[in-house]
Each structure stands twice: as structure tokens, then as C-alpha cells.
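Residue-level structure breakdown
The lines below spell out each chain.
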Amino acid sequence: MPTSLLAAAARLLSVGARVSIADENLDPQAELPPIVGASLAGAPYIPRAIQVLQRLKMQHSAYRLILGGQAVSGLSNCEFHLLFDSNTTNGNIDAHLADALGFDLSRLRPPEQTSLIPAYELLNTEQFRQYLSCEFSFYLSQGCRYLCSFCAAEHSRPVVGSNSYVRVRERYRDPMTVRTELNYLVDKAQSFGLSEMQIYLSNLDLFQTPDTLSLFCDTLLEIKARVPWFRLRIRALSNVNSFLDVHERAPELIGKLQEGGLFRLGFGIDGATPRIWHATKKPHDADGCVRAIDLASGLYGFTVEALMVCGHRNVDDQESIAQATSFLAEMRARFGVLPRPHVAKDIVPGNSGWSNPENSHVRDYLLTHPDGFQMLDYTALPSPLTHPHPEQRAATRSAFIAMCEMPGALTQYVLPVDPSVSSQEREAAVAFNLRRYDL
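This section reports on the structure supplied with the text.

On to the overall build of the chain. When its secondary structure is counted, the chain shows 18 helices and 13 strands. Computed over the C-alpha atoms, the radius of gyration of the chain is 22 Å, within 12% of the 22 Å expected from 2.2 N^0.38 for a compact globule of 439 residues. Its C-alpha atoms put the chain at 60 × 55 × 45 Å along the principal axes. Out of the 439 residues belonging to the chain, those deemed buried represent 51%. Counting only contacts in the chain whose residues sit at least 6 apart along the sequence, the fraction spanning at least 24 positions is 76%. If you sum the accessible surface of the chain, you get close to 19,900 Å²; carbon and sulfur atoms cover 52% of it. For the chain, the centre of its 40 positive side-chain charges and the centre of its 47 negative side-chain charges are spaced 2 Å apart.

For the structure on display, the rule yields zero disulfides. Lacking any disulfide linkage, Cys404 is separated from the closest cysteine sulfur, that of Cys310, by 8.8 Å. For Cys404, a relative accessible area of 12% translates into the label buried.

Relative to the helices and strands, Ser141 is located in strand β5 (residues 141-142). Residue classification places Ser141 among the buried positions, given a relative accessible area of 2%. Excluding residues that lie within four positions of it along the chain, Ser141 makes contacts with Glu170, Arg171, Tyr172, Ser202 and Asn203.

To continue, consider the nonpolar core. Counting residues in hydrophobic clusters, the biggest one holds 74 residues, and the most contacted among them are Tyr120, Met197, Phe243, Phe267 and Ile269. The greatest single-element share of this core, amounting to six residues, is contributed by helix α8 (residues 175-191). Non-local contacts of Phe267, meaning those with residues more than four positions away in its chain, are made with Ser238, Asn239, Val240, Phe243, Ala292, Ile293, Ala296, Val304, Glu305, Ala306 and Leu307. Ile50, Val52, Leu53 and Ala152 belong to the second largest nonpolar core, which has 30 residues in total.

Attention now goes to the sheet that holds strand β11 (residues 262-268). Across the sheet, which stays open at both edges, the six strands sit in the order β4-β9-β10-β11-β12-β13 with parallel pairing between neighbours. Strands with a single pairing partner mark the edges of an open sheet, and in this sheet they are β4 (136-138) and β13 (338-343). Averaged over all pairs of adjacent strands, the angle between their axes in this sheet comes to 25 degrees, without regard to strand direction. Pairing between strand β10 (residues 231-238) and β11: five bridges, direction parallel. Paired with Ala236 across the two strands is Leu265, which belongs to β11.

Next up on the list: helix α7 (residues 125-132). Along α7, the residues that are buried comprise Gln127, Phe128, Tyr131 and Leu132. The arc enclosing the buried residues of α7, seen along the axis, measures out at 125 degrees, which places them on a common side. The residue sitting at the N-terminus of α7 and contributing the capping side-chain oxygen is Asn124; that oxygen lies 3.2 Å from the backbone nitrogen of Glu126.

Conventions adopted
Residues numbered from 1 in each chain as written. Predicted model: local features only at pLDDT ≥ 70, side-chain atom pairs only at ≥ 80, totals over all residues. Heavy atoms only, no water. Helix = DSSP H or I, 4+ residues; strand = E, 2+ residues; numbered from the N terminus. Rg over C-alpha atoms; globule rule 2.2 N^0.38 Å. Buried < 20%, exposed > 50% of the residue type's maximum accessible area, 1.4 Å probe, protein only. Contact = heavy atoms within 4.5 Å. Areas by Shrake-Rupley, 256 points an atom, 1.4 Å probe, with all protein chains shown as cover. Lys, Arg positive; Asp, Glu negative; His and termini not counted. Charge placed at Lys NZ, Arg CZ, Asp CG, Glu CD. Disulfide = S-S within 2.5 Å. Core = buried A, V, L, I, M, F, W, Y, C linked by side-chain atoms within 4.5 Å. Pairing = 2+ DSSP bridges. Axes fitted to C-alpha atoms, helices over the stretch in contact; angles between N-to-C directions. Arc of directions from axis to C-beta. Polar contact = N/O pair within 3.5 Å; in protein donor to acceptor, adjacent residues only side chain to side chain.

Below, the structure written as C-alpha cells:
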């Protein structure tokens with residue numbers, strides 16, 4: 001379910017815009033309307049957005065493409081317009097969105113106060129049934145206070161050229177809006193004959209704002225009491241330290257979450273040595289990781305996913321990469337952890353590497369060869385662009401494939417589609433990648 005797109009649609013509906021939802025995964029469109037909005041889940045989708053722009057140009061003399069999503073926020077205004085033409089609007093900037101569509105900016109409600117129900121009502125019955133029959137993302141919060149350097153999501157980050165930081169705090173949606181919306185989805189699922197919903201919470205770190213999270217727990221328990229025959233199966237991500245802090249201060253909150261439907265928790269481990277964690281600004285240590293996994297799986301009974309980002313450019317070496325692989329294997333053997341490995345992509349729109357002047361040559365290459373943004377996929381094998389040192393690239397590739405082949409591993413690796421190689425090699429990579437979804 002394209003939750004971020006539905007959130008954008010709901011905001012536009014609130015100012016009186018006429019909106020329809022087209023999901024080309026389910027229903028390819030022969031002809032596009034003259035105004036199209038698309039949400040980019042990450043930098044690898046930039047080439048697809050350019051294809052949509054090209055289709056619009058071919059089909060309409062007057063057109064408007066509106067782009068949103070975190071990948072767009074990571075681009076400067078100049079970079080955005082190098083990739084897209086003057087008829088393309090950055091929809092993440094409310095003033096630009098209002099100007100492009102001609103509505104009064106003061107009428108546009110913040111995302112946190114906007115119900116998605118009007119957007120859900122745009123979906124046809126079969127489409128909605130399909131979305132609710134498999135795992136979907138539920139928009140609960142945005143933003144993370146931690147400084148992890150490789151992360152391209154909305155999080156705290158250093159200001160380039162200074163010792164200061166831009167601090168980001170988690171922003172929850174209005175609790176009553178969340179309550180009404182989740183009850184609506186439960187009732188809709190039941191009307192489709194479903195007995196459960198599988199939900200992936202949008203929180204970057206589930207436990208960083210425990211007081212507000214507790215209000216969400218109350219909603220979960222109210223739903224359980226109202227429809228005890230219906231099951232919520234919830235998956236979420238957590239920072240190791242945030243989880244341990246809540247365990248120490250308010251363990252009953254974790255118990256309430258478990259009772260309300262949380263069954264699977266993913267910890268961002270992302271390395272196995274103090275040197276790597278320090279370099280990437282991960283705030284935990286090995287003892288904390290093991291303790292969090294032990295408590296989550298043993299005391300609380302969660303299925304634990306271990307997110308392991310490895311191969312950090314100019315930081316990881318063969319030894320540290322091997323240690324990350326061994327740590328993941330050990331956690332799998334001791335606690336039944338499900339490995340979810342990724343390849344570090346240290347220069348991605350929105351993360352610290354993208355804004356570093358030393359990486360201008362990589363930025364320039366991608367801006368002039370935008371198909372190369374696919375190589376920034378965290379599930380793509382390392383390429384010469386992302387990992388220029390051959391030894392580190394080979395070690396990262398070998399370790400990542402080994403992690404993906406561990407029992408229970410959740411990641412399906414894809415091949416980089418490198419603009420610098422032959423068309424035959426690119427076509428072979430595209431064919432290999434088909435249907436290898438990151439689930």
C-alpha cells in the first residue's frame with residue numbers, strides 16, 4: 001500500500017483538490033493525466049520518476065509533475081532541477097505545492113493532523129482488499145533524534161563545516177486521528193473477510209518517545225477489546241539504546257505493545273566493532289546489542305530482526321566486515337535472530353556523505369547519469385561508484401551475499417545497474433533484479 005502517496009492525497013483532498021490514485025504495480029496507465037504526483041521511497045526510484053516525466057512530456061504539451069518522498073528532501077533545489085525540468089515541483093515544500101496547484105497555503109493541514117481515511121475511500125474494493133491482505137505501512141510518526149551518518153531518513157545531522165547539529169525530534173500524528181484511522185482499517189479488513197492485518201509501523205525508532213507511544217498502545221488494546229477475534233500483527237524498528245532505556249524505566253509499555261500485537265522487532269546493529277559504530281555515529285556497543293536481542297527474544301517473546309549495514313566506505317575493512325558477518329551468524333545461532341543485511345551506501349541524498357564537499361565527484365556523476373541512482377539501493381551489491389577500493393568492494397560483496405544466504409535471512413540482494421557498463425550487462429542486471437523485493 002503506497003501510504004506516503006495516500007497521505008499526500010489526503011492533504012490535497014482537504015483543500016478541495018480533485019485526486020485519483022493510480023498504482024501502476026496493479027494497473028499500468030496507458031495515458032497519464034496532465035498533473036501527476038509521485039512519491040519516491042528512496043534514491044533508487046529517481047530513474048523511474050524521470051521516466052514518468054518523459055511520459056508526461058510525450059503525452060501533454062502542458063503538464064506538471066509533483067514529486068515527494070524522502071529522496072526528494074535530500075536534494076538541493078539546484079540538484080532537483082538538474083534532474084527534473086521546470087515543470088516539476090518539489091511537493092515536500094508546502095509553498096511550492098500550493099503554488100503549483102493554485103490553492104490557499106493556509107488551508108493545508110500538517111501531515112500529523114491529517115486523516116488518511118478520505119484517501120482510502122478513493123481506492124476501489126479489489127485494490128483495497130489486496131493492500132490489506134498483506135503487510136502495509138501505517139503512518140504513526142516521522143523523524144529520529146540519532147545521528148547515524150549513513151541513514152538517509154529524516155534524522156538529526158551535523159551542519160557541514162561546523163561543530164553544530166540540526167536536531168530532529170520524533171513527530172507523532174494526532175492520537176485521535178490515529179485511533180479513528182486504525183479502527184477504520186480494522187473494520188474495512190473485516191468487511192473483506194480478513195481475520196488479521198499485518199502492519200509495519202513508520203517509526204524510525206519505536207521507543208524514542210515512550211509517552212506518546214503509550215497512547216498508541218491504548219488504541220491497540222481498545223481494538224483488541226472491541227474485536228477480540230481480529231488479530232493485529234505489528235512489526236517495527238528500534239534503536240538498541242531506546243529499547244533498553246524503556247525496558248529499564250517502563251517495561252510495562254513493552255508488555256502492552258506485545259499484548260496489542262507487536263510480534264517482531266528489528267534492531268539496527270550495523271557493525272560489530274567500536275571503531276565502526278563510532279565512525280558511523282551509532283550510539284550502542286556490543287554488550288548492549290546482545291542484551292537487547294536477548295531481552296526482546298527471551299523475556300518479551302518477540303521475533304528479532306538484526307539489521308546489519310556493512311561495507312562503510314573508507315571505514316570498514318576485511319576484518320571488520322568479517323566480524324559483522326560472524327556477529328550476525330552468532331545472533332542467529334543463539335537467539336534465532338532473522339538477518340536483514342544491507343550494503344552501506346555512504347553517499348545518498350539526505351545522508352551525511354551526500355552533503356560532504358569531498359564527494360562532489362560522486363554527486364556530479366549521479367546528477368549527469370541519473371540511472372546510476374539505482375546503485376544506491378541498500379540491497380544492491382557494491383559497485384565501483386559506491387565502493388571504489390577493489391579489496392573492500394570484494395570483501396563487502398562476499399560478506400553481503402553470505403549474510404543474505406544465512407537461514408532465515410530477509411534480504412534478497414540485487415545487482416547494481418551501472419550506466420558505465422555495456423547495455424547487455426545492464427539488461428542482464430535488470431532481468432536478475434525482477435521481483436526481488438525487499439520485504
